[in-house]
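Report on the structure
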Amino acid sequence: MNIEARISSLGLTLPQAPKPVASYVTCVAAGNLLFLSGVLPFRDGKLTRVGRVGCEITIEDGKEDAAMVVLNALAIVKDAIGSLDKIRRCVKVTGFVSCGEDFYRHPEVINGASDLLFQILGENGRHARAAVGAVSLPLNSPVEIDFIFEVAS
Amino acid sequence: MNIEARISSLGLTLPQAPKPVASYVTCVAAGNLLFLSGVLPFRDGKLTRVGRVGCEITIEDGKEDAAMVVLNALAIVKDAIGSLDKIRRCVKVTGFVSCGEDFYRHPEVINGASDLLFQILGENGRHARAAVGAVSLPLNSPVEIDFIFEVAS
Amino acid sequence: MNIEARISSLGLTLPQAPKPVASYVTCVAAGNLLFLSGVLPFRDGKLTRVGRVGCEITIEDGKEDAAMVVLNALAIVKDAIGSLDKIRRCVKVTGFVSCGEDFYRHPEVINGASDLLFQILGENGRHARAAVGAVSLPLNSPVEIDFIFEVAS
């Protein structure tokens, strides 16, 4: 089963690749590495929700947003290299969670992204990861995730 | 026109490459990738200004600081590889903006860096980017930017 | 003297490599680069301490935590590639410090990591670095550090 078929079999759909919200591009290849711009949880051109995780929104919602980020990221990769089947590996995920100073459950939120990457890409979806608290994020997004993929040359 | 001539034609000057403020180096090459240390907006050896964007300083000032960071970054690259004309591409920019919990306009601030990279390097200046809110930054700097460049071998 | 002997000669011991606290892996190799997951200061399976640097805990303690992170990172690298003697270089260190909005001494804290990397790896331990303030970190850890190593193929 190819990657897009697996996405469909999970009942999910790739969104339109998001447009940069400023003067940069959505991803740049250097050798076999594909560096993505920080990805926000857009659905139909709008953020799924706004606010800080653990304050205005729940961990469960933040986790769902992190999963939505993955679909946006894969849409960007597909746009860039033509097919998701050329992904060799998700190398690194850096997940920023907008939250307050007493929030310590960032890993649970970013698991929404990690779990979906594994469901979609299998062993090639297992990545190194950091989860970090941000005092705020662009557009008041609850999460922003940075990705490095290794792709076939 | 070479890159340094383009910098002059914009009415700008490369500063002295900043010295690390602690026990590390300003950049490390790995293969064709040049990883820079987080760059602050130094001018004549001092931060252009201090404070949080949207609190003590304006977005417009923060944007100017982000542009100053780019000149410092290019000074570091020149020191490291001898000539800015060996830059193949600016691959990734991670812009940390010191701000409060109700600040959501990080992309505008980091545009100060992205726009100048494009003015100086042309298409090779188009990069992947993340913009993130930091509760505070070293020396109370309003911005700190991380760069990865691809350079000729 | 090999690297593990140097660690012993400093009176230090490699801990057990920490297990991921969520659905990802501790490191991923891409070409000669080894990307580690964000590393926390674990000792005997527990965080050395919790809280924000400059608030609940001192800079001196945060610096010690940053050094503990390095030992955990090297334990991860050893697990992944079999021997620390295969490290060519520590390329990049991104140090997140949990702190308040009026804390500006992140570099001093992350020096705890940078200094120890240099003591253990010598010139190969000199890295590019960023130090950034985080509003909070997973498990209320005072520091979290991201590493990229270059390793022999």
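Given the structure is predicted, the values throughout are model-derived calculations rather than measurements. (Residues numbered from 1 in each chain as written. Chains lettered and ligands numbered in written order. Predicted model: local features only at pLDDT ≥ 70, side-chain atom pairs only at ≥ 80, totals over all residues.)

Some points on the relation of the copies chain B and chain A
Note on the copies: chain B fits chain A at an RMSD of 0.0 Å, the axial shift is 0.0 Å, and the rotation between them is 120°. What the rotation and shift describe, once combined, is the action of a three-fold rotation axis. A share of only 10% of the interface residues of chain B reappears at the interface of chain A, consistent with the copies meeting through non-equivalent patches. (Least-squares fit on C-alpha atoms with pLDDT ≥ 70 in both. Contact = placed C-beta atoms within 7 Å.)

Thoughts on the interface of chain B and chain A
Between chain B and chain A, the residue contacts involve 29 residues of the former and 23 residues of the latter. Among the secondary structure elements, those contributing two or more residues to the side of chain B that touches chain A are strand E5 (87-98), helix H3 (106-121) and strand E6 (128-134) of chain B. Looking at the side of chain B that touches chain A residue by residue, the classes come out as 13 nonpolar, 8 polar and 8 charged. (Helix = DSSP H or I, 4+ residues; strand = E, 2+ residues; numbered from the N terminus. Nonpolar A, V, L, I, M, F, W, Y, C, P; charged D, E, K, R; others polar.)

Thoughts on the interface of chain A and chain C
When the parts of a complex come together, some accessible area is lost, and that lost area is often used as the size of the interface. In this assembly, 28 residues from chain A lie in contact with 23 residues from chain C. Elements represented by at least two residues in the side of chain A that touches chain C include exactly strand E5 (87-98), helix H3 (106-121) and strand E6 (128-134) of chain A. The element best represented in the side of chain A that touches chain C is E6(A), accounting for 7 residues. Class assignment for the residues of the side of chain A that touches chain C results in 13 nonpolar, 7 polar and 8 charged.

Digging into helix H2 (residues 59-81) of chain A
In this model, H2(A) (23 residues) spans 33 Å end to end at C-alpha, consistent with the 33 Å of a helix rising 1.5 Å per residue. Phi for A:Gly82, located one or two positions after H2(A), is positive at around 90°. (Expected span 1.5 Å × (residues − 1).)

Side note on unusual backbone geometry
As a rule of thumb, non-glycine residues mostly have phi less than zero, and peptide bonds are mostly trans rather than cis. Phi is positive for B:Asp44, which is not a glycine, with a value near 50°. Here B:Asp44 shows up in the loop between strand E3 (42-43) and strand E4 (46-47). Positive phi, normally seen in glycine, also occurs at C:Leu139, with a value near 60°.

Here we look at the sheet that holds E5(B)
Strand pairing in a sheet takes place through backbone hydrogen bonds and is either antiparallel or parallel in direction. All names here are of chain B. Here 5 strands make up an open sheet; going across it, the order is E1-E2-E7-E5-E6 and the pairing mixed. Looking at strand neighbours, the two that pair on one side only are strand E1 (27-30) and E6, the edges of this open sheet. Direction aside, the axes of adjacent strands within the sheet are offset by 15° on average. When E1 meets strand E2 (residues 33-36), the two strands line up antiparallel, connected through 4 bridges. Following the sheet pairing, Val-28 is matched in E2 by Phe-35. Running over the sheet, helix H2 (residues 59-81) touches E1, E2, E5 and strand E7 (143-151) and is turned about 40° from E7. Strands in contact with H3 are E5, E6 and E7; relative to E5, the strand with the most contacts, it is inclined by about 160°. (Pairing = 2+ DSSP bridges. Axes fitted to C-alpha atoms, helices over the stretch in contact; angles between N-to-C directions.)

Notes on the sheet that holds strand E6 (residues 128-134) of chain C
All names here are of chain C. Pairing in this open sheet of 5 strands is mixed, and the strands run E1-E2-E7-E5-E6 from one edge to the other. Of all the strands in the sheet, just strand E1 (27-30) and E6 have a single pairing partner and so form its edges. When the angles between neighbouring strand axes are averaged without regard to direction, this sheet yields 15°. Of the strands in this sheet, E1, strand E2 (33-36), strand E5 (87-98) and strand E7 (143-151) touch helix H2 (residues 59-81), which is tilted by about 40° from E7. With respect to the sheet, helix H3 (residues 106-121) is in contact with E5, E6 and E7, its orientation differing from that of E5 by roughly 160°.

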